[in-house]
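# Summary of the model geometry
For reference, the chains in residue letters:
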Amino acid sequence: MKKNWLFIITILAALVLSACGGSASKSGSESNESKASKEVESLTYASLTDAVGLSPIMTNDSASANVIEHVYETLFKRDAKTMEIEPVLAESFENPDELTWVFKLKKGIKFHDGTDFNAEAVKYTFDKLRDPATAAPRASLLEPVDTITVVDDYTVEIKTKYPYGPFLAALSHSNAAIVSPTADQKQDLMKDPVGTGPFKFVSWTPGDQVVLEANPDYRDGAPAVKKFVLKVVPEVSTAISMLQAGEVQFIDKLPTEQLSRIESLKNVNVEKVDGTGQYYLTFNFSKPENQDPEFRKAVASAIDRDAFVSKLNKLGVRSDSVIGPKVFGHKDSADKAGTAYDVKAAKELVKKNGYDKRQIKLLTANRGNFVLMAEVVQAQLAEAGFDVQIETMEWAAFLDTARAGKYDLTFLSWSNVTADGSELLYPNFHSNNVGSSNRAQYNNPEFDKLVEASRTTTDQEKRLDLLNQANELMLDDNAVVIMYHDVVTAALSSDLQGLIVDPTGKWDVSKVTGK
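Reference entry: report on the structure contained in this document. (Residues numbered from 1 in each chain as written. Predicted model: local features only at pLDDT ≥ 70, side-chain atom pairs only at ≥ 80, totals over all residues. Heavy atoms only, no water.)

### Here we look at the sheet that holds strand E7 (residues 155–160)
Note the following rule: When DSSP locates at least two bridges between a pair of strands, those strands are taken to pair. The secondary structure listing takes helices from DSSP runs of H or I that are at least 4 residues long and strands from runs of E that are at least 2 residues long, numbered from the N terminus. Each axis is a line fitted through C-alpha atoms, and for a helix only the stretch in contact is used; angles between axes span 0 to 180 degrees, taken between their N-to-C directions.
Spatially, E4-E5-E7-E6 is the arrangement adopted by the 4 strands of the open sheet, whose pairing is antiparallel. Looking at which strands have only one partner, the edges of the open sheet turn out to be strand E4 (90–97) and strand E6 (145–152). Here the average twist between neighbouring strands, direction ignored, is 20°. Judged from the 6 bridges that link them, E6 and E7 form a sheet pairing that is antiparallel. Within E7, the residue paired with Thr 147 across the bridge is Lys 159.

### Focus on the packing of aromatic side chains
Test applied: Here the aromatic set is Phe, Tyr and Trp, taking the six-membered ring for Trp, and pairing holds for ring centres within 6.5 Å; pairs whose planes are under 30 degrees apart are stacked, those over 60 apart are edge-to-face, and all others are tilted. Categorising residues by exposure relies on relative accessible area from a 1.4 Å probe, with only protein chains included: less than 20% of the type maximum marks a residue as buried, more than 50% marks it as exposed, and the intermediate range marks it as partly exposed. The rule for a charge over a ring is simple: NZ of Lys or CZ of Arg within 6 Å of the ring centre, and within 35 degrees of the ring normal.
Summed over the entire model, instances satisfying the criterion amount to 29 aromatic pairs. Taking 5.9 Å as the distance between ring centres and 80° as the angle between the ring planes, the aromatic pair formed by Phe 295 and Phe 386 counts as edge-to-face. A residue pair is termed long-range when its members are at least 10 positions apart, and Phe 295 in helix H8 (residues 293–302) and Phe 386 in the loop between helix H11 (370–383) and strand E15 (387–393) qualify at 91 residues. One exposure class covers both Phe 295 and Phe 386, and it is buried. Each residue in the set Tyr 280, Phe 283, Phe 285, Phe 295, Tyr 355, Phe 386, Phe 429, Tyr 442 and Phe 447 is aromatic and connected to the rest through ring pairs, giving one cluster. Above the plane of the ring of Trp 395 lies Arg 367, whose end atom (NZ or CZ) is 3.6 Å from the centre.

### Comments concerning helix H6 (residues 236–245)
The criterion, for reference: Here the arc refers to the set of directions running from the helix axis out to each C-beta atom.
Buried residues of H6: Ala 239, Ile 240, Met 242 and Leu 243, and no others. What you see down the axis of H6 is that its buried residues fit within an arc of 160°, all on one side. Positive phi appears at Gly 246, one or two residues downstream of H6, with a value of about 80°.

### Observations regarding the pattern of salt bridges
Basically, it comes down to this: Every case where a carboxyl oxygen of Asp or Glu lies within 4 Å of a side-chain nitrogen of Lys or Arg is listed as a salt bridge.
Following the criterion strictly, the structure yields 20 salt bridges and no others. The closest approach of N and O atoms between Lys 287 and Asp 408, which form a salt bridge, is 2.7 Å. With Lys 287 in the loop between strand E12 (268–283) and H8 and Asp 408 in the loop between helix H12 (395–403) and strand E16 (409–414), the pair connects residues that are 121 residues apart, well separated along the chain. For Lys 287, a relative accessible area of 24% translates into the label partly exposed. It is possible to trace a salt-bridge network through shared partners that takes in Arg 305, Asp 306, Arg 318 and Asp 320.

### Things to note about the side chain of Arg 463
For clarity, the threshold we go by: We define a polar contact as two N or O atoms separated by no more than 3.5 Å, with the added condition that, inside protein, one atom must be a possible hydrogen donor and the other a possible acceptor, whereas residues neighbouring each other in sequence contribute only through side-chain atom pairs. Note on definitions: a residue-residue contact is assigned when non-hydrogen atoms from the two residues lie within 4.5 Å.
Looking at where Arg 463 falls in the secondary structure, it is placed in helix H15 (residues 460–476). Looking at Arg 463, its side chain comes within polar contact range of the side chain of Ser 422, at 2.8 Å. Excluding its chain neighbours within four sequence positions, the residues that come into contact with Arg 463 are Gly 165, Pro 166, Phe 328, Asp 420, Ser 422, Ser 454 and Thr 457.

### Comments concerning the nonpolar core
A general feature of soluble globular proteins is that nonpolar side chains tend to end up buried together. Note the cut-off: Only buried residues count toward a nonpolar core, which is a set of Ala, Val, Leu, Ile, Met, Phe, Trp, Tyr and Cys residues joined through side-chain atoms within 4.5 Å.
Ranked by internal contacts, the top residues of the largest apolar core, which has 65 residues, are Phe 386 and Leu 425. Residues contacting Leu 425, with those up to four places away along its chain left out, are Val 322, Ile 323, His 430, Phe 447, Val 451, Leu 467, Ala 470 and Met 474. Counting 63 residues, the second largest nonpolar core, distinct from the first, contains Tyr 72, Leu 171, Leu 230 and Val 512.

Shown next as structure tokens:
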């Protein structure tokens, strides 16, 4: 009898184990199905312009950067939510002294061509980027670097000519991404890029599209997006129609006048993030009449920025501060530190000084919100008694004309990819850059000293204070009138999720999955 009971118990136990095994097997199957359901066979982004090239060393435009940032990686990056700098290819860093930076690198990472990412690759990339013979557009990122030494396979020591506070921010820039030395010596990275990133290059048909594919060996796991296409669609209205039809799944930089149309699409979700970019009115300081502080105060007093921002459909942040709320160096006290709108005061200054006796040329680009800014500001200045004529140009001609100083007033913008105040104020307003990136031709020795000091200390609290002083000096000087700080926008098909939208205007599809 006991044997029978033992037999029955054995059978029951086997059945229980079998049931448990069946349950586990079913759970695993469901897990695989869930994973498969989240995979995205193809994701297409509509790019308004084509890439100039695909090498981080030789490019400096947003269309190229959108490709580069998915194929390559940098030593550091800014976290899209916290805006803190964190390591990517670097493991850690230390500052033994103000001129020395020691970087420990992550191990076991391969370039897409199978070669090792290591200290030699970092040295090779940075040496080429800063070599005058290379003529790299963003060589300035490493201008302070004196020497680069490979300590061992995964340690690099960099010495700077002077203490360089924004160094980690500079190393987070996409133009400081690390390239494969082997690939760079064997092929043209402008056409055939090789990095360590989550996507590998497949093809580029100039004027049409760039095709990338998921990197199956990526250290964080292959992206759910198996094929990523960056398709050139020059007309934004066409891009929106293609998004609605499902022909593309992602667009960005949504135009103010089309926002309500895009938000009404049932198959699309819109994302908005307060950004680091800014748009501002400035003066041509090479002209003696623009060096008159009362003239600049009259102009600033005549501009109602609140009225303008209200026209942006919540795609602009109102702040007087030159250094925006999402940029290192910003203090809340600067948000209302500019010259307040006071049309009565502006009229008095115009009448007192005879500013209505001369015609003012207001230069603007023929794209985005530049035309809207020009029309609104022209009307506001006219109300104060100024005689303002708008001159509109296509983008390339506009930049050349502004750089040459052939204007009275103009609108400029800066995306501020590093999100660091020094890297905003130095290129745009330091006298060293008059005739190049300082299109306002602003020249203020006191301001220059503050900006230089912000760049030549690694004490971040001290940098914050110095940048705020420089910011407030510019506001007191009415060197610029900040029209608005940017809101970064993107529209993604509603059956997708996980798009990372960065305040700097960058975005990342490597975490996108199906729902």
